[in-house]
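If you want the building blocks of each chain, they are given just below.
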Amino acid sequence: MFTINNYVVATSLEEAYTVLTKNKSNKILGGTLWMRMGSQNIHTAIDLSKLGLDTIVETKEAFEIGAMCTLRMLELHPGLQAYGNGMVSNCVKDIVGVQFRNGATIGGSLFSRFGFSDPLTALLALDTYVELYKGGTISLEAFIEGPYEKDILIKIIIKKEMSLTGVYLTERLSHTDFPVLAVAMTQSLAGYKVAIGARPSKAALAHETMDYLNTITSGHERSPLSNEQLEVCGEKVVEELNFATNMRGSQHYREHLAKVLVKRGLRQLRG
């Protein structure tokens, strides 16, 4: 459990950022569901709930998701349920339970860049950007790979892609547990994206695998891939990304799962 010494309800992003940077132990509050699982002393907790960051705006070009939106809001949003075979909605539906998802925020999940984060993996396979108060708008991949700095995540932007289909697959020890491994894959006119999460480190794109897929499918309709091509894709993912051991699974088991889930996902994408 955490201890809060001072509590501020921010009336503006500038106020929130000013307070955040005054002391290294000052923290932004999201849903606090992961925060309360640890033990820390927070000098000043900053509440963003009055800043209107809890809306999902859909336009013809994109989804703009406020950082204070709950995972349950993503799960139930009609536009997200329809886009990319409902990949974003599907990626959160098995996270603990409805009560938990009603409290956990997408901003808290993404900003922390947890290795076990389902949304981080799924959103990485889409054309996703994050808007930071000081850091500006950058791709989600650049944000994941960047340093942890004092900043405020304002919103997540998912740019819509033509003819996009998606799939999100995980292996869990139990239905509501953290994933042992997560795989998100999309195919659009722009090509393939393959993201692997819970390795158990934070999600990453498998660029060599994506390049291979884009090469072998260039100019072809969405016909099934051959068994040999599927095997190559599974092997490439394991070769280019690092997998490790923790209490939920061994490195060898995760490598095996990666091959299986990548091949399964490609079969679903290609028909």
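Below, the structure is looked at part by part. (Residues numbered from 1 in each chain as written. Predicted model: local features only at pLDDT ≥ 70, side-chain atom pairs only at ≥ 80, totals over all residues. Heavy atoms only, no water.)

**As for the overall build of the protein**
- Counting secondary structure elements, the protein contains 11 helices and 12 strands.
- Against the 2.2 N^0.38 benchmark of 18 Å for 271 residues, the protein shows a C-alpha radius of gyration of 19 Å, consistent with a compact globule.
- Expressed along its principal axes, the backbone C-alpha trace of the protein runs to roughly 60 × 45 × 30 Å.
- Evaluated residue by residue, the protein yields a buried proportion of 50% over its 271 residues.
- Accessible area for the protein stands at about 12,500 Å²; split by element, carbon and sulfur atoms hold 51% of it.
- Looking at charge distribution, the protein has the averaged site of its 28 positive side-chain charges lying 5 Å from that of its 28 negative ones. (Helix = DSSP H or I, 4+ residues; strand = E, 2+ residues; numbered from the N terminus. Rg over C-alpha atoms; globule rule 2.2 N^0.38 Å. Buried < 20%, exposed > 50% of the residue type's maximum accessible area, 1.4 Å probe, protein only. Areas by Shrake-Rupley, 256 points an atom, 1.4 Å probe, with all protein chains shown as cover. Lys, Arg positive; Asp, Glu negative; His and termini not counted. Charge placed at Lys NZ, Arg CZ, Asp CG, Glu CD.)

**Some details on the sheet that holds strand β11 (residues 191–197)**
- Judged by pairing direction, the sheet is antiparallel, and its four strands sit side by side in the order β9-β10-β11-β12 without closing on themselves. The sheet terminates laterally at β9 (165–172) and β12 (204–205), the two strands that pair on one side only.
- Bridge count between β9 and strand β10 (residues 179–188): eight bridges; the pairing is antiparallel. Among the inter-strand pairings, Arg-172 is bridged to a residue of β10, identified as Pro-179.
- Each of β11 and β12 is contacted by helix α9 (residues 207–216), which is oriented at about 155 degrees to β11, the strand it contacts most. (Pairing = 2+ DSSP bridges. Contact = heavy atoms within 4.5 Å. Axes fitted to C-alpha atoms, helices over the stretch in contact; angles between N-to-C directions.)

**A few points about the packing of helix α10 (residues 227–240) against helix α11 (residues 251–270)**
- Contact geometry of α10 with α11 gives a least axis separation of 8 Å together with a crossing angle of 135 degrees. The angle between α10 and α11 places the two elements in the oblique class. You can see that α10 and α11 cross each other, and the crossing is right-handed. Of the residues in α11, those touching α10 at Asn-227, Leu-230, Glu-231, Cys-233, Gly-234, Glu-235, Val-237 and Val-238 are Glu-255, Ala-258, Lys-259, Val-262, Lys-263, Leu-266 and Arg-267. (Parallel < 35°, antiparallel > 145°, perpendicular 65-115°, else oblique. Left-handed = near helix turned anticlockwise from the far one by under 90°.)

**Points about the environment of Asn-102**
- Structurally, Asn-102 is set in the loop between α5 (98–101) and α6 (106–112).
- The class for Asn-102 is partly exposed, based on a relative accessible area of 45%.
- A C-alpha to C-alpha distance of 8.9 Å links Asn-102 and Gly-31, two positions 71 residues apart in sequence.
- Beyond its immediate sequence surroundings of up to four residues, Asn-102 is in contact with Thr-70 and Arg-72.

**Focus: the sheet that holds strand β4 (residues 56–58)**
- The strand order β4-β5-β8-β6-β7 describes an open sheet built from five strands, whose pairing is antiparallel. Because the sheet does not close on itself, it has two edges, and the strands there are β4 and β7 (136–139). Within this sheet the neighbouring strands show an average axis-to-axis angle of 20 degrees, counted without direction.
- With three bridges joining them, β4 and strand β5 (residues 62–66) adopt antiparallel strand pairing. The residue of β5 that forms the bridge with Glu-58 is Phe-63.

**Considering α9**
- Every buried residue of α9 is accounted for by Thr-209, Met-210, Tyr-212 and Leu-213. One side of α9 carries all its buried residues, which in axial view fall inside an arc of 160 degrees.
- Where the residues of α9 are buried, they touch β11, β12, α10 and α11. (Arc of directions from axis to C-beta.)

**A few points about the pattern of salt bridges**
- For the structure shown, the criterion picks out 10 salt bridges.
- The partner of Glu-64 in a salt bridge is Lys-155, with the nearest N and O atoms 2.8 Å apart. Of this pair, Glu-64 sits in strand β5 while Lys-155 sits in strand β8 (residues 153–159), and the two are 91 residues apart along the sequence.
- Its salt-bridge partner being Asp-118, residue Arg-172 comes within 2.7 Å of it at the nearest N-O pair. With Arg-172 in strand β9 and Asp-118 in helix α7 (residues 118–124), the pair connects residues that are 54 residues apart, well separated along the chain.
- Exposure remark for Arg-172: the relative accessible area of 14% places this residue in the buried category. (Salt bridge = Lys/Arg side-chain N within 4 Å of Asp/Glu carboxyl O.)

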